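An overview of the molecular structure
One-letter residues, chain by chain:
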Amino acid sequence: MTGAALAAVASDVLGTDHHPTHRLRALISPQFLAEAGWDPVRKALVFPTRHPLLGWDGPADPLADWAARVAAGSGSCAVGRCPLDRQGNGSYCELHRVEWRATRGPSDGVDEAYWRTVVQAELVPGLVSLHGLPERVVAQVLYGLQHRCRRGARTSWRALGNLVRRIRMAGLASMEDLPPRRDDPLHSTIVAALRQAVLDPETERHKDVWQMSAFGYGGTLDFSEISQGWLREAVKRWALDFLPTRQGKTPAGKVRARVMAVVKLSASLRLQRQDRGEDFTVLGAADISAFCNRLAFLQAKGVVSARLRLSTCLMARVVLDGIRRLGLTRPGQPLSGLPDDFAIRRGQIPDDSEDDEPGKDLPKEVIQVICRHLPQLGQQANDEIQTAVELLIDTGRRPSEICALAWDCLQHDTDGQPVLIYDNVKSKRFGRRLPVATATADLIRAAQARARQRFPDTPVGELKLLPSTRNNPHGRRPISPDNVSSMHRRWIMGLPQVTVATETTSDGKAVVVSLPYDTATITVYAYRHTYAQRHADAGVPVDVLRELLDHLRMDTTQRYYRIGEKRRREAVDRVAVMQFDRHGSRIWRDATALLDDERMRLAVGEVAVSYGGCNEPSNVNAGGGACPIRFRCVGCGHFRTDASYLPDLEAYLADLLRNRERILATGIDADDWARAEALPSTEEITRVQQLITRIKAELDDLTDAERDQIEQAVAVVRRGRISLRITPTHRHPHDNLRPMRTA
């Protein structure tokens, strides 16, 4: 037989069954086999006692004790190849008697004669024999063990021995054929590693369900729900081209979301066309309109949200446009003949209602309760999870950015102030700098100390600030955002109920009541919205906030200012109903005109006077600088004030009293008319006192919920009033949510 013929026969003999075995063998490191105690003669693993991941509490040389027992034995055990004596009147030695009971326990129908032929003969503690198993299974076990060690996962010899026992009893040619069990995670992790080892992108791309590990990502990508074959294959081509262009933590998730949008388009074609959308040459604009109308119908029925409807239209449009850009509709290509009007037009995409929706930030009362109970999170989870949540609150970064922080993420600027260094993977912007408070820097230093204590031998450049507590022997793997989110959700559900003053309608009238806050909205990402909204409400310039949030687009940042403007308008609505004239009488005039005046003054950042408003025409035209009575406001009929000016009135009263006492107490050499002009009059002091007393009396008449909402509205109005006169820096002062975390 010629050499070519021999090669052909060998290829036929190896076939597809042997090829994966050879591939696995090539992937197993000889150095690992030596470290793991692999004995090729015995075909057994002798687990080393001092290995960081395979070690166990046993003798340094378990085979020495076994050799002594073998020397004293006669081999009367009923298990073939066992050199030990049977015990008493039984058929087995002591070790195999225990093994038989363990095997018979979970499976009463075991054939004992068959068990004797497949059971491990050398039952040595710390030894797992692979003798007698198919070569493919041996390679799978060794490769799976190597994969787990490289991932930093511990594996006990007992767990591996139990898995090998199941394979022996089933008589399988591959570990992948062994049915999974919930109580055997070792099997599932090894099988997953085996599937990843033999994956090939070139073969995976033709399947309807992709194992994304073939492309370097996690999870799967399912095209099977796209019922039209032409559309399914086109989307696969698009996904293969689109996937490498996406970066970030979950690029596969972005592709998956767009595929799901096409799944909805596929369902629309299937439901609304007689041919179920199989003939793409007869499709057109009417089919796209039917798809968009169906989404609008599902939104009206409450099946999908406005946001999901919008994202579905946008993502389906991206895929259809991408298919055309790939040239699949050109002559000679698979989709040649697809009509040009089978495309989603810009006008068919619904408006983005996000700006009109309430903000996703958390109320001040909720944040304060969360911060008070942060130590409980550390007790329920661990210090790393608590630190991650505290950093989310303090810095407003995304969860993935906080979890991935390097150990040396803390630096200082030229002024010696602490700066956080992080990676904005979402926008492909790395090494970003964020000024943080000193207390936040102390929090980071404490995390650095814990990580260094746990992993003293790991180089600093490889260590993570928040290393995972599982399968992480060297501290190079950080905690995951999913783990933080899960632990955070469990902790939030156990917090005491928080009530927030909420305005509702009762019998056609607006009333303020305290209602429980929906804890479902307290997510780890809500802290970023809260950070952004707090800065926007405080008047931080939009370009500064854009830099703080590291947004690529200005309009993304401006959304927080639209919400802030809406809240300021609502705050003015609440405060304006409590206006007073110079006599302290409540003013009930046309609310629309009143609010328009208030909003206009807020928009330009000016008030007519320091402790109220002025509607005297000449003074208004002059921007508040031409008062006919020389700013004796509390004696003027054009003067108005409200609860938001109460601190200013109290400060003005204190100033009047202080000036009066100083003038009366000191003998100033001045003419009588000058002294009279400088001396605050008793009438003015009395009028201001009456205004203050009247405003406080009105506030005292409110319910607790109404008073709380008025106080919040006053804070918003005053903050907006001040912020338009001050240009804040990056380290802008916030509300006193966390006194130790102001920055």
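Data block above holds the structure.
Throughout what follows, the structure given in this document is the object of discussion. In this text the structure is predicted, and so the values were computed from the model without any measurement.

**Notes on the environment of V634**
Within the element layout of this structure, V634 appears in the loop between α24 (617-621) and β12 (639-640). Classification of V634 as buried rests on a relative accessible area of 3%. Spatially, the C-alpha atom of V634 lies 6.9 Å from that of V688, the residues being 54 residues apart in sequence.

**Re the pattern of salt bridges**
As enumerated under the stated definition, the model contains 18 salt bridges in all. Ionic pairing is found between K43 and E135, a salt bridge with its closest N-O pair at 2.6 Å. One end of the pair, K43, is in the loop between β1 (38-39) and β2 (44-46); the other, E135, is in helix α6 (residues 135-150), and 92 residues separate them in sequence. The class of K43 is partly exposed, set by a relative accessible area of 29%. What makes E135 partly exposed here is its relative accessible area of 36%. Linked through salt bridges whose partners overlap, the residues forming this network are D208, R232, E233 and K236.

**A few points about the packing of aromatic side chains**
With the rule as written, the count across this model stands at 6 aromatic pairs. Aromatic side chains W230 and F342 sit 6.4 Å apart centroid to centroid with 65° between the ring planes, which places their arrangement in the edge-to-face category. One end of the pair, W230, is in helix α10 (residues 229-242); the other, F342, is in the loop between α13 (306-325) and α14 (364-372), and 112 residues separate them in sequence. In this structure, W230 and F342 share a single accessibility class: buried. By way of ring pairs, the aromatic residues W210, F215 and F223 are connected into one cluster.

**Remarks on the sheet that holds strand β6 (residues 410-412)**
Taken together, the 3 strands give an open sheet; going across it, the order is β6-β7-β8, and neighbouring strands pair in antiparallel fashion. Two strands lie at the open edges of the sheet, namely β6 and β8 (429-435), each paired on one side alone. Each adjacent strand pair in this sheet contributes to an overall mean axis angle of 40°, direction not counted. Pairing geometry for strand β7 (residues 418-424) and β8, over 5 bridges, is antiparallel. From the neighbouring strand, Y422 faces β8, where its bridge partner is R432. Contacts from helix α18 (residues 438-454) reach β6 and β7, with the element oriented near 135° to β6.

**Re the sheet that holds β1**
Spatially, β1-β2-β3 is the arrangement adopted by the 3 strands of the open sheet, whose pairing is antiparallel. Edge strands, defined here as strands with exactly one partner in the open sheet, are β1 and β3 (127-129). The pairing of β2 with β3 spans 3 bridges and is classified as antiparallel. Its bridge partner lying in β3, L45 is registered against V128. Strands in contact with helix α7 (residues 157-170) are β2 and β3; relative to β3, the strand with the most contacts, it is inclined by about 20°.

**As for the pairing of β7**
Extensive coverage of β7 is indicated by the burial of 6 of its 7 residues. Judged from the 3 bridges that link them, β6 and β7 form a sheet pairing that is antiparallel. For Q411, the partnering residue across the bridge sits in β7 and is V419. Where β6 folds back onto β7 in an antiparallel hairpin, the turn is made up of 5 residues, including G416, whose phi is positive at roughly 85°. In sequence, β7 turns back onto β8 through a hairpin of 4 residues, with K428 there showing a positive phi of about 60°.

**A look at the environment of L545**
Relative to the helices and strands, L545 resides in helix α21 (residues 542-549). The class of L545 is buried, set by a relative accessible area of 0%. C-alpha of L545 to C-alpha of Q533: the two residues are 12 residues apart in sequence and 9.7 Å apart in space.

**What about the environment of R687?**
Among the secondary structure elements, R687 is positioned in helix α27 (residues 682-700). On the accessibility criterion, R687 (21% relative accessible area) is partly exposed. Through-space distance from the C-alpha of R687 to that of V634 is 6.7 Å; in sequence the pair is 53 residues apart.

**Topic: the nonpolar core**
In this structure, I370, W491 and Y527 are the most contacted members of the largest nonpolar core, which totals 48 residues. Examining the composition of this core, we find that 6 residues originate from one element, helix α16 (residues 383-395), more than from any other. Those residues in contact with W491, other than ones at most four positions away along the chain, are I370, H373, L374, Q376, L377, Q380, V389 and Y527. If you look at the next biggest cluster of nonpolar residues, it comprises 42 residues, including W210, F223, L231 and A252.

**Topic: α21**
Every buried residue of α21 is listed here: V544, L545, L548 and L549. Considered in projection along α21, the buried side chains sweep an arc of 130° and stay on one side of the axis. Taken from the residues just after α21, D550 is the one with a positive phi, measuring 60°.

**Some details on the packing of α10 against helix α11 (residues 251-272)**
The geometry of α10 relative to α11 is characterised by a closest axis approach of 11 Å and an angle of 165° between their N-to-C directions. Relative to α11, α10 is oriented roughly antiparallel. When you trace α10 past α11, the crossing you get is right-handed. Between α10 and α11, the residues in contact are W230, L231, V235, W238, A239 and F242 and V255, R258, V259, V262, S266 and L269, respectively. Looking at the contact of α10 with α11 residue by residue, the class counts come to 10 nonpolar, 1 polar and 1 charged.

What counts, and at which threshold
Residues numbered from 1 in each chain as written. Predicted model: local features only at pLDDT ≥ 70, side-chain atom pairs only at ≥ 80, totals over all residues. Heavy atoms only, no water. Helix = DSSP H or I, 4+ residues; strand = E, 2+ residues; numbered from the N terminus. Buried < 20%, exposed > 50% of the residue type's maximum accessible area, 1.4 Å probe, protein only. Salt bridge = Lys/Arg side-chain N within 4 Å of Asp/Glu carboxyl O. Phe/Tyr/Trp six-rings, centres within 6.5 Å; stacked < 30°, edge-to-face > 60°. Pairing = 2+ DSSP bridges. Axes fitted to C-alpha atoms, helices over the stretch in contact; angles between N-to-C directions. Contact = heavy atoms within 4.5 Å. Core = buried A, V, L, I, M, F, W, Y, C linked by side-chain atoms within 4.5 Å. Arc of directions from axis to C-beta. Parallel < 35°, antiparallel > 145°, perpendicular 65-115°, else oblique. Left-handed = near helix turned anticlockwise from the far one by under 90°. Nonpolar A, V, L, I, M, F, W, Y, C, P; charged D, E, K, R; others polar.

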